[in-house]
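In case you want the letters, here they are:
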Amino acid sequence: MDAKSIFAESPENEQWRMLLHYSYPNNIKRCLDKNGFTDASIELIEGISGSISQAKEYYDACKSASLQIAPLLLYYGTTNLLYGIGNLTTGQINRIEDHGMKLGLPMPGCRVADLEITPISPVTGALSAFNRIFSASGDLCGSGSWTAMEVLGSVPDILDDYINCYEDALPFVLPVEIVKQRKEFLERIEKSHFNRFSNVSEVFSNIEKFSNNYLPYQYTDQISKVILRPRVDSEDIGIYSMSGQKHLVIGHRKNGKLISPSIIILMYMGLYSLGFVCRYKPEYWNPFIRNDISGEKLLIEKYLYICRRVIPNLVLNRLVGARVSFVGEPQGILDYSDITTREEIEEIARKEIRKSLERERMGSS
Amino acid sequence: MSIKSKCFELTNYIETTPFREQINYLIESLTFRPNESNGITEDRSHFGSLARNHGSQFMGYLIIDNNRKEIEQRGMPHVPHLASSELELLSKGHALLSQIVEKCTEKIVSKHPKLRTVLDPYSQFGYPSHLIPVQDMIDISVIDPLVEEFNSCLLVGKLLECPGSLIDQRTAEEYVQIVLSLTQRINRCGVHDAPEDFKDLHFKLPTSGQHAIITRALFYFICLRNILCNICQVIYQSFINDKLPVLDKDNVISITESNSHIIGEGLTIISQPGGNEFFCAQGDLLLVKISINSRKVNDFCIVHGVTTNFHRDFGWKQEFRLRVVDEDLNSFFGLGNI
């Protein structure tokens, strides 16, 4: 997916302004027509419009809500957003009858990270429906239970907080540094990111499509970082944090199968677990908010903020067909004044050779 | 059919001979350092490295052995000794290649006798040639199809059309010097460029006249010598490698330059070392098989230069500067068409 920079003084407001474009029936109709869905019903159009409008309301409400209900508002808002955009991109009303997940009852005093989410309802569950639209990972039902820790460890923007918060946790993303050189580019990963893994090659074997898209990694004592060289004509299998840093996704081994749901789906699963406990298990949630001494609360607050900021952006990327990043620099100016072209270098070399030949000639005469 | 295909047919036969196995074992022992799995007991990789870089197939090993004292006097590390049985094997290998060259050039030499040394890719090295029978190594008749194909190639036909009186205007030594000097000038320009005075030859060189005939004949000498050298290289590699080194999607990082010019076609490829291409040296033949941005490259190439690079922050990589060879194993094929 190509990157696209859009000027915005407030990225959060701007991304919603762009999404709300699709809350207007005429725009929805135009978008559906463009995608070949020319016989869209009023019911479909109104459903999309209402879902996106309600999503915005929930997201706005979440901004000023405390941790007591913020997860629930965000979960509802995301459900609306994914439903609306899902129907817009598929050109049909996707029938949803339940959450598509169930939560294991939290033990008193257990960490949020230990909450267990089990995907259910493969046909009409919201999770399965959204997974079919927003992810290419295949059916999640039957994959068993997922811990909130697995979800939190899959979000690039909170990776450092996650590592600091949970001493025993394995991350599910690896930050990649892209090094551009004159004739080629390469990618590198800090060796320290493998500290929690017992086997480096196993990590790479758990990255979906890694061997199709990268040459064998270079990892020796003599090399400062793990070196990755993309294969020619490879596809970009990474995901990007808000700062634009690329991350490789380590898949989840579930019942012997490697599953890598998209980041939207993982975030959605996390929001469900948090929304569910705050709504239905206040006896667990309230003490956590009031008494947490581990710092996990800070991580959850950041997770919610990141979900609020990132999920609409990811949805927008899908609509625009590009990785949209909101920037503060002025747009419309391409400054190549510092770049010296090959022709200019050759001209300088020619002048110098001419001068030196003239000097030689004068010296010999 | 082509010289290339006949050459590969010959290599298929060679790979079945016991002689090939003996040579293969010997060259491996001169290439790799001893380790637990390869059964090599003495580190003679330095010898192999010097011989490979000499770029003259088996003769490289014989020359290094012959020049041991001079090499060590230049401050190079100790050059390990070879057993007499090992030298005999290498001599036999070289004799086979010499025999192929001789058979291929027989027809041309019968018309232009002085071209024997001009076309012989080993004539520049001054290594004494020994007449060693090769019949006990291979059935020599197996090279006949290759010889026949060589003789039917366009360049040989063009050369045979050249009047003997014109070719006789210079001595064989003069021709060898001219051919070597022109080849050196071509090689100095790298794989993506040609000497300035070659660039407009298509327009400047008249279609007829004594000067034009001689100039073209010189280009045929260069091409045919190059073809013979590449034939020897392909056969030599069939003794030492089970598979031809390949640059493909499993090791190529990028093609940084690719172009055609009056000499032929050049490619610069950056790769991540991982297979037998790591040991490639100047003059080796390899296969490039890759598709980039819907452009397909599927060519045999001769290594003009290779640089292996290690940086602790960027890892290992190799840069191959390659000349594409045509169906006749000619890497200067542009010159044959002037």
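Residues numbered from 1 in each chain as written. Chains lettered and ligands numbered in written order. Predicted model: local features only at pLDDT ≥ 70, side-chain atom pairs only at ≥ 80, totals over all residues. Heavy atoms only, no water.

Bringing the pairing of strand β5 (residues 295–311) of chain B into the picture now. Residue and element names in this part refer to chain B. Taken together, the eight bridges between strand β4 (residues 285–292) and β5 define a ladder with antiparallel strand orientation. What sits directly across from I292, in β5, is R295. Here β4 folds back onto β5 in antiparallel fashion, the turn holding two residues, of which N293 has a positive phi close to 50 degrees. As paired strands, β5 and strand β6 (residues 315–324) are joined by 10 bridges and run antiparallel to one another. Its bridge partner being in β6, G305 is matched across the sheet by R321. Connecting β5 to the antiparallel partner β6 that follows it, the hairpin turn spans three residues. (Pairing = 2+ DSSP bridges. Helix = DSSP H or I, 4+ residues; strand = E, 2+ residues; numbered from the N terminus.)

Okay, the packing of aromatic side chains next. Scanning all chains against the criterion turns up 26 aromatic pairs over all chains. With a centroid separation of 4.9 Å and 15 degrees between ring planes, the pair formed by F210 of chain A and Y214 of chain A is classed as stacked. F210 of chain A sits in the buried class, given a relative accessible area of 5%. Relative to F239 of chain B, the ring of F58 of chain B has its centre 5.5 Å away and its plane inclined at 80 degrees; by these criteria the two rings are edge-to-face. Of this pair, F58 of chain B sits in helix α4 (residues 58–66) while F239 of chain B is found in helix α13 (residues 210–240), placing the two residues 181 residues apart along the sequence. In this structure F58 of chain B comes out as buried when scored by relative accessible area, which is 0%. F239 of chain B gets classed as buried once you look at its relative accessible area, which sits at 0%. An aromatic cluster is present here, built from Y58, Y75, Y76, F130, Y268, Y272, F276 and Y280 of chain A joined pairwise through their rings. Over the face of the ring belonging to W146 of chain A we find K254 of chain A, whose NZ or CZ atom lies 4.6 Å from the ring centre. (Phe/Tyr/Trp six-rings, centres within 6.5 Å; stacked < 30°, edge-to-face > 60°. Buried < 20%, exposed > 50% of the residue type's maximum accessible area, 1.4 Å probe, protein only. Lys NZ or Arg CZ within 6 Å of the ring centre and 35° of its normal.)

On to the sheet that holds strand β4 (residues 146–147) of chain A, then. All names here are of chain A. Reading across the sheet, the three strands line up as β2-β3-β4 and stay open at both edges, with antiparallel pairing between neighbours. Each edge of the sheet is formed by a strand with only one pairing partner; in this case those strands are β2 (101–103) and β4. Across three bridges, the pairing between β2 and strand β3 (residues 116–119) is antiparallel. Paired with L103 across the strands is I117, a residue of β3.

Glancing now at unusual backbone geometry. Here N255 of chain A, not a glycine, exhibits a phi torsion of approximately 50 degrees, which is positive. Within the secondary structure layout, N255 of chain A lies in the loop between β10 (252–254) and β11 (257–259). Taking relative accessible area as the criterion, N255 of chain A reaches 62% and is therefore assigned exposed. At Q57 of chain B, a position not held by glycine, the phi torsion is positive, near 50 degrees. For Q57 of chain B, the location among the structural elements is in the loop between α3 (45–54) and α4.

Residue and element names in this part refer to chain B. Taken in spatial order, the six strands make up an open sheet running β1-β4-β5-β6-β3-β2, and their pairing is mixed. The open sheet has two edge strands with one neighbour each: β1 (246–248) and β2 (252–260). Each strand axis lies, on average, 30 degrees off the axis of its neighbour in the sheet, ignoring direction. (Axes fitted to C-alpha atoms, helices over the stretch in contact; angles between N-to-C directions.)

Once that is clear, we can look at the packing of helix α1 (residues 11–20) of chain A against helix α3 (residues 42–64) of chain A. Residues and elements named next belong to chain A. Remark: α1 packs on α3, axes separated minimally by 10 Å, with the N-to-C direction vectors making an angle of 165 degrees. One element, α1, and the other, α3, form an angle in the roughly antiparallel class. Read as a crossing pair, α1 and α3 show a hand that is left-handed. Mapping the contact onto sequence places E12, N13, W16, L19 and L20 in α1 and I52, S53, A55, K56, Y59 and K63 in α3. (Parallel < 35°, antiparallel > 145°, perpendicular 65-115°, else oblique. Left-handed = near helix turned anticlockwise from the far one by under 90°. Contact = heavy atoms within 4.5 Å.)

What follows covers the environment of Y305 of chain A. All names here are of chain A. Here Y305 lies in helix α12 (residues 296–320). Sequence-wise, Y305 and K63 are 242 residues apart; in three dimensions their C-alpha atoms are separated by 8.6 Å. Those residues in contact with Y305 that sit more than four places away from it in its chain are E12 and M242.

Take the side chain of K6 of chain B next. Its place among the elements puts K6 of chain B in helix α1 (residues 3–14). Every residue in contact with K6 of chain B, bar those within four places of it in the chain, is listed here: M1, P145, L146 and E149 of chain B.

Taken together, the contact between chain A and chain B spans 18 residues of the former and 22 residues of the latter. Buried area between chain A and chain B, summed over both chains or domains, comes out near 1,800 Å², and the portion from carbon and sulfur atoms is 47%. Seen at the junction of chain A and chain B, the total is two salt bridges. R231 of chain A is the salt-bridge partner of D250 of chain B, the closest N and O atoms lying 2.7 Å from each other. The tally of links from chain A across to chain B stands at 10 residue pairs in polar contact (both at pLDDT 80 or more). Elements with a contribution of two residues or more to the side of chain A that touches chain B: β6 (185–190) and β7 (225–228) of chain A. Taken together, the residues of the side of chain A that touches chain B break down into seven nonpolar, four polar and seven charged. (Buried area = accessible area lost by both parts, 1.4 Å probe. Salt bridge = Lys/Arg side-chain N within 4 Å of Asp/Glu carboxyl O. Polar contact = N/O pair within 3.5 Å; in protein donor to acceptor, adjacent residues only side chain to side chain. Nonpolar A, V, L, I, M, F, W, Y, C, P; charged D, E, K, R; others polar.)

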